[in-house]
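Listed below, chain by chain, are the residues.
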Amino acid sequence: MRSAGWVPVALLSVGIVSACQSTGLAPTGDRVVGAVGCTVVFPGPEHIDTTGVVRWEYKQNENDPELTVVLYYVASPNPEILPEYKDRVVFNMSDWSLGLKMQLADQGLYRLRREEEEKSGKWIKLEVIESQEPSSGSLMVVGGRNFLTEPLSKPELFRNSSLAGSTIEMVCNVTVGRVDSYQWKKDHKPLPRSDHYQLSWNNSVLLILNAIQADSGCYSCKVTNEVSENETSLELTISDSSAVVSNGVAVITAVVILVIADGNLYSE
């Protein structure tokens with residue numbers, strides 16, 4: 001996507017998160033997707049009791065019976081962990097969160113339940129992606145569907161101009177991984193809806209039409225797919241095009257005066 005006139009700029013990485021690089025891969029709403037060998041963290045409740053019994057439960061499908069993964073008596077020094085999970089589970093006794101290093105068989109539904117809440121507790125759906133490594137990437141299986149995907153590389157940001165009055169194009173380029181979505185922000189806020197900002201090429205290109213000084217600021221591009229997300233930012237400073245023109249005229253005038261002075265004026 002690079003061409004003559006495109007200017008690579010200094011990049012500021014504001015966060016790289018992928019399934020295996022994050023120690024805090026957490027659910028979004030009632031669902032989370034992770035890869036085999038990576039760690040997911042199921043959050044604990046807002047309120048922690050000082051007495052009683054709590055348990056983390058698992059079931060593969062909605063109508064299956066629950067299996068207790070972790071049983072914790074609040075007054076006891078250690079939780080009881082199901083042997084199949086012994087080396088892969090970390091139960092945090094201070095906030096009751098559950099860390100799980102995933103295997104393919106872990107896919108299913110999880111919830112935290114207090115002993116007195118027999119039928120309550122919010123279920124969280126975990127989808128586990130199985131990874132193989134063919135020559136062209138990683139073959140992932142999600143819900144029985146096969147497709148090519150892998151963690152995304154750090155995006156590169158390029159711009160073609162920074163002059164006031166010009167149309168500025170910013171390209172968010174990813175060299176590794178398939179991008180499912182692009183999200184642009186200015187000064188850490190979503191871009192306002194207006195004709196001044198336009199997106200093209202599946203939102204990978206941001207156009208700023210008839211740029212003005214107020215367009216100066218920090219622009220970021222966040223890319224995501226099923227197994228990772230990555231965000232990079234750049235600082236854009238809009239230059240006054242009239243100042244550039246006037247400076248250029250001044251330089252040319254100075255050169256002409258020097259040439260005349262050197263060739264004619266002092267020869268007399």
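Thresholds applied
- Residues numbered from 1 in each chain as written.
- Predicted model: local features only at pLDDT ≥ 70, side-chain atom pairs only at ≥ 80, totals over all residues.
- Heavy atoms only, no water.
- UniProt positions renumbered as here; feature names shortened; annotations may be inferred.
- Disulfide = S-S within 2.5 Å.
- Helix = DSSP H or I, 4+ residues; strand = E, 2+ residues; numbered from the N terminus.
- Buried < 20%, exposed > 50% of the residue type's maximum accessible area, 1.4 Å probe, protein only.
- Polar contact = N/O pair within 3.5 Å; in protein donor to acceptor, adjacent residues only side chain to side chain.
- Contact = heavy atoms within 4.5 Å.
- Core = buried A, V, L, I, M, F, W, Y, C linked by side-chain atoms within 4.5 Å.

Under an unreviewed UniProt entry, the protein has the name Ig-like domain-containing protein and belongs to Chrysemys picta bellii. Reading the Subcellular location (unreviewed entry) entry of the UniProt record for the protein gives the comment "Membrane".

Time to look at the state of the cysteines. When the sulfur atoms of two cysteines share a covalent bond, that bond is a disulfide. Tallying each qualifying case throughout the model produces 1 disulfide. With a sulfur-sulfur separation of 2.2 Å, Cys172 is cross-linked through a disulfide to Cys221. Taking the torsion about the sulfur-sulfur bond, which here is approximately -90°, the covalent link between Cys172 and Cys221 counts as left-handed. Within this pair, whereas Cys172 is found in strand β15 (residues 168-173), its partner Cys221 is found in strand β20 (residues 217-224), the two being separated by 49 residues in sequence. Each member of the pair Cys172 and Cys221 is classed as buried.

Further remarks concern the side chain of Lys186. Tracing the backbone through its elements, the reader meets Lys186 in strand β16 (residues 181-186). One polar contact links the side chain of Lys186 to the main-chain carbonyl oxygen of Ala214, over a distance of 3.5 Å. Not counting residues within four places of it along the chain, the set of residues in contact with Lys186 comprises Leu191, Tyr197, Ala214, Asp215, Ser216, Cys218 and Tyr219.

This brings us to the nonpolar core. Counting 26 residues, the largest nonpolar core has Phe42, Val70, Tyr85, Val89, Leu100 and Leu126 as the members making the most contacts within it. When contributions to this core are tallied by element, the ones reaching two or more residues are β3 (31-35), β4 (39-42), β5 (53-59), β6 (67-73), β8 (89-91), β9 (98-101), β10 (108-114) and β11 (124-132). In contact with Leu126, other than residues within four places in its own chain, are Val32, Val40, Phe42, Leu100, Met102, Asp106, Gln107, Gly108 and Tyr110. Formed by 21 residues, the second largest nonpolar core is a distinct cluster that contains Leu152, Ile168, Tyr182 and Tyr219.

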